[in-house]
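One letter stands for each residue in the lines below.
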Amino acid sequence: MTPTPRRVRQSLSWTATAAVWCSVLAAAVAVALDTAFGTIAPGTAAALGSVGAACAGSLMWRAARRIEAGRRTTYQLMAAGIQTMAASFAAAVWLPDPAGDAVAGSGFAAAVVLWALALLRLPDRGWAPQAVQRRLVDGSFVGLCVLFFAWTLFARPLFAQMRGPLGEGDLAIVIPGMMGIVMLGVGFTTTFRIQRWRRRHASAYLAVFAVHFTGLSTFVAWQWLRPEERVLWWSVAWVATCAALLGVTYFAARHHKPAPIDKPNYPGVHYTVMAGAGALAAATVLINGATRGALPLDAALLGLAAVGALGARLVLTYFDVRRVTGEAAARQRRLSAIVGVASDTVLVLDENLKVTWHPEDSAWRPATEAGECLGASFLDLVHVDDRRHTQEDLRTLLDGLSHTGQVSLNVRVRDASRRWRHTETVVSDLRGRPQVRGLVARVEDVGARRSLETELARMAYSDPLTGLANRRALLQSLEDGVAAEEHQTALLLLDLDGFKNVNDTRGHDFGDELLVEVSRRIKELLRPTDVGARLGGDEFAILLRASRAEAVATAKALVARLGEPYEFHDESTVFVTGSVGIATAAEGLGDPELLLRNADLALRAAKQAGKNRYATYDAEFDRVVRRKNELSQELRGAILRDELRLVYQPVFSTADRSIVGAEALMRWHHPRLGHVSPAEFIPAATESGLTQDLAVWTVNRAAEQLAAWANGGIKAWISVNVSVKELHTHLFATEVNTALIAAGVPAKRLVLEVTEHDFSHQMNTLIAQLGALRGAGVRIALDDFGSGYSSLGQLDRLPVDILKIDRDLIAKDDGGVGPLAAVTVALGRILGMEVIAEGVETDLQLNAMITAEAPLVQGYLLAKPMDPDDLTRWLTEEPRALPSGPYDVPGPRDTPSDVPESEKS
């Protein structure tokens with residue numbers, strides 16, 4: 001298994017703990033073997049102290065695990081110092097004297113080093129090299145000065161008096177003692193340098209020093225053969241101080257969260273302590289020189305060590321100054337680089353508004369007319385038209401009347417090239433800050449942004465091709481007119497006739513040139529108060545501040561001007577006309593969108609009236625359009641809502657006086673709109689593209705009715721009206737065949753009626769589709785024959801089985817018979833087609849068709865459209881419907897319906 005850093009640390013800690021306890025247990029065994037029963041020897045007391053210290057160190061190591069990772073190492077170092085001291089003391093107990101003294105001195109010195117490292121690391125979560133160096137050097141200087149004072153004047157004479165010259169065993173005491181004093185200085189100075197955990201740090205270093213002092217005192221008492229009681233009491237004190245340090249660790253474990261507020265730093269106290277330590281060392285030299293003469297070698301070495309610490313502090317200070325100076329220079333260079341490429345500059349002003357500072361490397365520099373900046377008044381840098389309000393705003397700031405402590409100025413400022421720059425200047429009052437003591441003006445050049453905003457505004461409210469206003473600008477002008485309640489407002493909406501053909505044949509570039517020329521002609525007619533706009537494509541608008549009569553006159557002139565020839569650079573001439581719709585404020589001032597819609601409806605009316613003309617808004621036309629739109633929307637769900645039904649108008653045979661078939665006619669009853677005439681909803685369905693769905697639905701209902709008749713023994717056929725659009729789709733023939741197969745009805749029972757005027761488009765395709773349907777067995781009828789454009793040659797080509805003579809050929813407005821009725825019947829007979837005379841509404845017309853030997857007749861005189869149940873009942877109960885005499889017609893059905901013939905759709 002690959003060792004991880006965590007496993008390595010655990011192994012080392014367990015090894016060190018085992019070594020400590022081996023040493024302690026060895027000392028306990030050695031003392032026990034050498035001690036008589038019922039007595040206590042100095043070694044026994046020392047061994048008991050080392051056992052207590054080792055226990056405290058183990059508990060402290062365990063308690064440190066509860067501290068956060070960043071600070072755990074500090075307390076583990078303290079615990080390791082206690083363990084090291086306990087193990088060294090225990091080793092000194094069971095080892096011989098020379099070796100025991102050496103081990104004890106080394107262990108005590110190592111413990112001091114560990115504690116010093118812990119105290120240096122305690123203020124931080126990790127090792128901060130620069131901070132640790134300064135704490136160590138400052139603390140060492142203070143500790144060495146105190147040690148120099150205490151050793152030279154007190155400890156050395158006392159030691160010489162009591163012990164004489166230093167022996168090897170004494171070094172194990174003196175050296176750790178000196179290191180402890182230095183450690184005390186490190187902890188003392190560090191406490192004043194840190195800003196957080198100051199009390200905790202003071203408690204920790206005092207507890208550490210107490211552990212070191214009591215442990216060393218226990219060793220001294222045992223080493224110098226003091227009474228057993230004194231050794232025992234020092235051992236108890238040693239264990240007690242270890243317990244106190246353990247309590248500090250438990251306190252840190254329970255309150256390990258960071259302090260919410262940093263405490264203030266006390267640099268004055270710190271440097272006073274250092275100066276006092278230096279003065280104490282100097283006074284020691286003077287006192288010793290005055291009383292004892294030259295310094296002994298050991299004292300001199302301590303003095304040199306203190307001087308070395310002070311020299312190291314000066315070296316660190318030199319590097320600190322050098323580093324800070326370099327960082328300041330780097331920040332200055334960075335600031336200069338940033339300011340140099342920025343579009344703004346910074347000025348510092350005094351209370352008299354004079355410029356006291358300006359960055360040297362800024363991208364541009366404000367200047368007076370004489371080219372000055374520093375020492376000049378800020379008002380002299382500002383354009384004369386902006387000086388008054390600038391002075392008022394700055395005076396408000398200087399008088400403390402600004403709640404935010406700053407003012408914003410939109411002023412023009414002269415630069416060194418004597419150009420006026422549009423700026424946004426923010427002036428902040430920083431007179432209360434000692435680093436500034438003035439007003440700071442951040443002057444930002446916004447000229448490029450102003451130009452961009454102007455260009456964007458122009459692009460947002462104008463058409464890029466023609467230069468006219470766009471739809472947004474037009475609506476804004478309309479809203480302004482509404483807000484001003486301008487009732488003398490008219491809107492002209494213009495659309496070019498035939499522009500798409502020009503675009504398709506000559507290309508879009510040529511079309512753009514045409515639009516530019518159209519916009520030029522529109523501009524010629526505009527007055528200063530008018531607004532011309534291009535809404536998109538070839539649609540234009542003109543907003544007039546004029547009356548209705550003036551608007552009509554302008555529209556008339558506009559139509560005439562647009563109708564003139566357009567000559568282009570390639571010497572080509574194009575003729576394009578325009579249609580204009582007019583709406584005035586009386587119809588829609590309250591809503592700009594409504595006024596635009598009314599003008600669009602008027603334009604639509606002009607288009608439908610033949611183009612190249614103008615039309616004004618008509619409320620009746622608006623109602624018709626709204627009605628058609630509403631019908632188109634409601635018709636989309638009529639099949640699913642089961643609102644449609646079929647009625648059937650019978651077709652009579654003049655040969656046997658019977659009903660041979662019926663024409664299926666669609667009816668629509670809406671829950672809200674009521675009965676809707678086919679004359680309304682069929683055109684709406686055609687424009688909405690719904691005729692395919694309606695035709696398929698009609699064929700399916702007709703097939704179902706034919707199946708019902710076949711089951712009742714009725715052999716009548718049903719005709720269904722279809723348009724050319726359905727016949728041009730390949731799916732319609734499939735739908736027809738599917739409906740007939742599903743109903744189980746012979747195809748010949750179904751007749752598809754196609755209106756004659758629909759045959760003028762795509763004749764070949766239509767003939768192929770009709771031929772396919774006819775080949776499947778479905779019969780084809782040519783409806784409204786005589787009202788369209790089909791020639792006799794085309795009639796011979798068409799795959800048609802039945803001719804339905806248009807009503808206009810049979811009937812006159814006065815109820816008489818048309819002169820071409822008999823001729824048309826004879827024509828159908830010659831072509832081998834069945835002929836149906838539709839629109840028979842008087843007795844005279846009926847008798848004329850019988851006389852002309854028309855095989856089939858249909859009309860309101862004979863029967864109006866009826867429900868399928870009524871027709872089925874008639875076919876079952878009264879199969880002979882026509883009388884045999886020329887004028888004897890059925891009584892119950894001899895009155896024409898009040899529904900006009902246009903209902904047949």
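Keep in mind that this is a model prediction, so the values were computed, not measured. (Residues numbered from 1 in each chain as written. Predicted model: local features only at pLDDT ≥ 70, side-chain atom pairs only at ≥ 80, totals over all residues. Heavy atoms only, no water.)

Focus on the overall build of the chain
In plain terms, the rule: Going along the chain from the N terminus, every DSSP run of H or I of four or more residues is numbered as a helix, and every run of E of two or more is numbered as a strand. Categorising residues by exposure relies on relative accessible area from a 1.4 Å probe, with only protein chains included: less than 20% of the type maximum marks a residue as buried, more than 50% marks it as exposed, and the intermediate range marks it as partly exposed. In what follows, a contact means two residues having at least one pair of non-hydrogen atoms within 4.5 Å. The accessible surface values rely on the Shrake-Rupley method and a 1.4 Å probe; as for residues, cover is taken only from the protein chains in view.
When you go through the chain residue by residue, the secondary structure sums to 30 helices and 21 strands. For the chain, the proportion of its 905 residues judged to be buried stands at 46%. Looking at the chain alone, contacts between residues at least 24 apart form 68% of all its contacts between residues at least 6 apart. Accessible surface, the chain: about 44,800 Å² in total, of which carbon and sulfur atoms supply 58%.

Describing the sheet that holds strand β7 (residues 531–536)
Note the cut-off: Pairs of strands are assigned from DSSP output, requiring at least two bridges between the strands. Axis definition: a line fitted to C-alpha atoms, over the contacting stretch in the case of helices. Angles run 0 to 180 degrees between N-to-C directions.
Pairing is mixed in the open sheet, where five strands are placed in the order β7-β8-β6-β11-β12. Lying at the two open borders of the sheet, with one neighbouring strand each, are β7 and β12 (614–616). Across the sheet, the mean angle separating the axes of adjacent strands is 20° when strand polarity is ignored. By the bridge criterion, six bridges tie strand β6 (residues 490–497) to strand β8 (residues 539–544) in an arrangement that is antiparallel. The partner of Asp495 across the bridge, within β8, is Glu539. On the sheet, helix α16 (residues 508–525) packs against β6, β7 and β8 and is oriented at approximately 10° with respect to β8.

Brief notes about the sheet that holds strand β4 (residues 420–430)
The strand order across the open sheet formed by five strands is β2-β1-β5-β4-β3, and the pairing between neighbours is antiparallel. If you trace the sheet from one side to the other, it starts and ends with β2 (355–357) and β3 (406–414), each paired once. Strand-to-strand twist of the sheet, defined as the mean angle between neighbouring strand axes without regard to direction, takes the value 35°. Alignment of strand β1 (residues 344–349) against strand β5 (residues 438–445), held across six bridges, turns out to be antiparallel. Residue pairing in the sheet places Leu349 in a bridge with Leu439 of β5.

Some points on the packing of aromatic side chains
Counted only if it meets this: Any pair of Phe, Tyr and Trp rings, taking the six-membered ring for Trp, is counted once the centres come within 6.5 Å. Such a pair is stacked with planes under 30 degrees apart, edge-to-face with planes over 60 apart, and tilted for the rest. As a reminder, the over-ring test applies to NZ of lysine and CZ of arginine, requiring each to be within 6 Å of the ring centre and within 35 degrees of the ring normal.
Following the criterion strictly, the structure yields nine aromatic pairs and no others. Each ring, one from Phe510 and one from Phe568, has its centre 4.4 Å from the other, and the planes form 50°; the classification is tilted. Of the two residues, Phe510 sits in helix α16 while Phe568 sits in the loop between β9 (566–567) and β10 (573–574), which places them 58 residues apart along the sequence. Phe568 shares its class with Phe510; the two are buried. Following the ring pairs from residue to residue traces out a cluster consisting of Phe209, Phe213 and Trp234. Across from the ring centre of Tyr461, 5.9 Å away, lies the NZ or CZ of Arg472, which sits over that ring.

What about the pairing of strand β13 (residues 644–653)?
Counting buried positions over the 10 residues of β13 gives nine, a clear majority of the element. One ladder, built from nine bridges, connects β13 with strand β14 (residues 659–670); its direction is antiparallel. Among the inter-strand pairings, Leu644 is bridged to a residue of β14, identified as Trp668. With antiparallel pairing between neighbouring strands as the criterion, β13 and β14 make up a hairpin whose turn holds five residues, including Arg657 at a positive phi of roughly 60°. Looking at chain direction, β13 and strand β21 (residues 856–858) are connected through two bridges and run antiparallel. Within the sheet, the bridge partner assigned to Ser653 lies in β21 and is Leu856.

Focus: the pairing of β6
With respect to burial, β6 is a largely interior element, eight of its eight residues being buried. The side-chain alternation of β6 yields two buried faces, one formed by Ala490, Leu492, Leu494 and Leu496 and the other by Leu491, Leu493, Asp495 and Asp497. Here eight bridges tie β6 to strand β11 (residues 577–584), and the two strands are oriented antiparallel to one another. Paired with Leu494 across the strands is Val580, a residue of β11.

Observations regarding the environment of Ala441
Mapped onto the elements of the fold, Ala441 is located in strand β5. Look at Ala441 and you get buried, because its relative accessible area is 0%. Through-space distance from the C-alpha of Ala441 to that of Leu347 is 5.1 Å; in sequence the pair is 94 residues apart. In this view, Ala441 contacts Thr345, Val346, Leu347, Thr425, Val426 and Val427; residues no more than four positions away in its chain are not counted.

Focus: unusual backbone geometry
Backbone geometry follows two general trends: most residues other than glycine have a negative phi, and most peptide bonds adopt the trans configuration. Its identity is not glycine, yet Arg418 carries a phi of approximately 65°, on the positive side. Residue position: Arg418 is located in the loop between β3 and β4. Of the residues examined, Arg418 reaches a relative accessible area of 59% and is grouped as exposed. The backbone of Lys611 sits at a positive phi, close to 70°, despite the residue not being glycine.

Overview of the pattern of salt bridges
Under the convention used in this document: A pair is scored as a salt bridge if a Lys or Arg side-chain nitrogen falls within 4 Å of a carboxyl oxygen belonging to Asp or Glu.
All told, the structure shown has 41 salt bridges when counted by the stated rule. In this structure, Asp298 and Arg156 form a salt bridge, with 2.8 Å as the shortest nitrogen-oxygen distance. Taken together, the positions of Asp298 in helix α10 (residues 297–341) and Arg156 in helix α5 (residues 129–162) put the pair 142 residues apart, joining distant regions of the chain. Its relative accessible area of 24% is what places Asp298 among the partly exposed residues. A relative accessible area of 32% places Arg156 in the partly exposed class. The partner of Glu630 in a salt bridge is Arg672, with the nearest N and O atoms 2.7 Å apart.

Thoughts on helix α19 (residues 592–608)
Put simply, the rule reads: The span expected for a helix works out to 1.5 Å for each residue beyond the first.
For α19, with 17 residues, the first-to-last C-alpha span of 25 Å sits near the 24 Å given by 1.5 Å per residue. Every buried residue of α19 is accounted for by Pro592, Leu595, Leu596, Asn598, Ala599, Leu601, Ala602, Leu603 and Ala606. Looking one or two residues past α19, Gly610 carries a phi angle of roughly 125°, positive in sign.

Here we look at the packing of helix α3 (residues 69–94) against helix α4 (residues 97–121)
A pair of packed helices is captured by two measures, namely the crossing angle of their axes and the spacing between those axes. For the record, the criterion: In this scheme, roughly parallel covers angles under 35 degrees and roughly antiparallel covers those over 145, while 65 to 115 is roughly perpendicular and the rest are oblique. Polar here means any residue other than Ala, Val, Leu, Ile, Met, Phe, Trp, Tyr, Cys and Pro, which are nonpolar, and Asp, Glu, Lys and Arg, which are charged; Gly is therefore polar.
Contact geometry for α3 and α4: axes closest at 8 Å, N-to-C directions at 170°. Looking at the two axes, α3 sits roughly antiparallel to α4. Residues belonging to the contact of α3 with α4 are distributed by class as follows: 18 nonpolar, eight polar and two charged.

Section: the nonpolar core
A general tendency of soluble globular proteins is for nonpolar side chains to be buried together. Short version of the rule: By nonpolar core we mean a set of buried residues, namely Ala, Val, Leu, Ile, Met, Phe, Trp, Tyr and Cys, connected to one another through side-chain atoms within 4.5 Å.
If you look at the biggest cluster of nonpolar residues, it comprises 78 residues, and the most contacted ones within it are Trp709, Val720, Phe732, Leu752, Met849 and Leu871. Take this core: its biggest share by element is 10 residues, from helix α22 (residues 691–711). Here Met849 is in contact with Ile810, Ala821, Val825, Ala837, Val840, Ala854 and Val857, once residues within four sequence places are set aside. Of all hydrophobic cores here, the second largest spans 64 residues; its members include Ala64, Ile173, Cys242 and Val273.

Side note on a negative patch on the surface
Applicable threshold: Only residues whose relative accessible area exceeds 30% and that take part in no salt bridge are eligible for patches, with like-charged residues grouped when within 9 Å of each other and nonpolar side chains (Val, Leu, Ile, Met, Phe, Trp, Tyr) grouped when within 5 Å. Under the counting rule used here, the positive set is Lys and Arg, the negative set is Asp and Glu, and His together with the chain ends is not counted. To locate a charge, take NZ of a lysine, CZ of an arginine, CG of an aspartate or CD of a glutamate.
Together, Glu479, Asp480, Asp591 and Glu593 make up a region of like negative charge exposed at the surface. Within the secondary structure, Asp591 sits in the loop between α18 (585–588) and α19.

Examining the confidence of the model for the chain
Applied cut-off: Per residue, pLDDT measures the predictor's confidence, with a range of 0 to 100.
Averaged over all residues, the pLDDT of the chain equals 80, while 84% of them reach at least 70. Counted against residues more than four places away or in other chains, residues 36–40, with its pLDDT under 50, gives three contacts. In this model, residues 883–905 is a region of pLDDT below 50 whose contacts with residues beyond four sequence positions or in other chains number 45 contacts.

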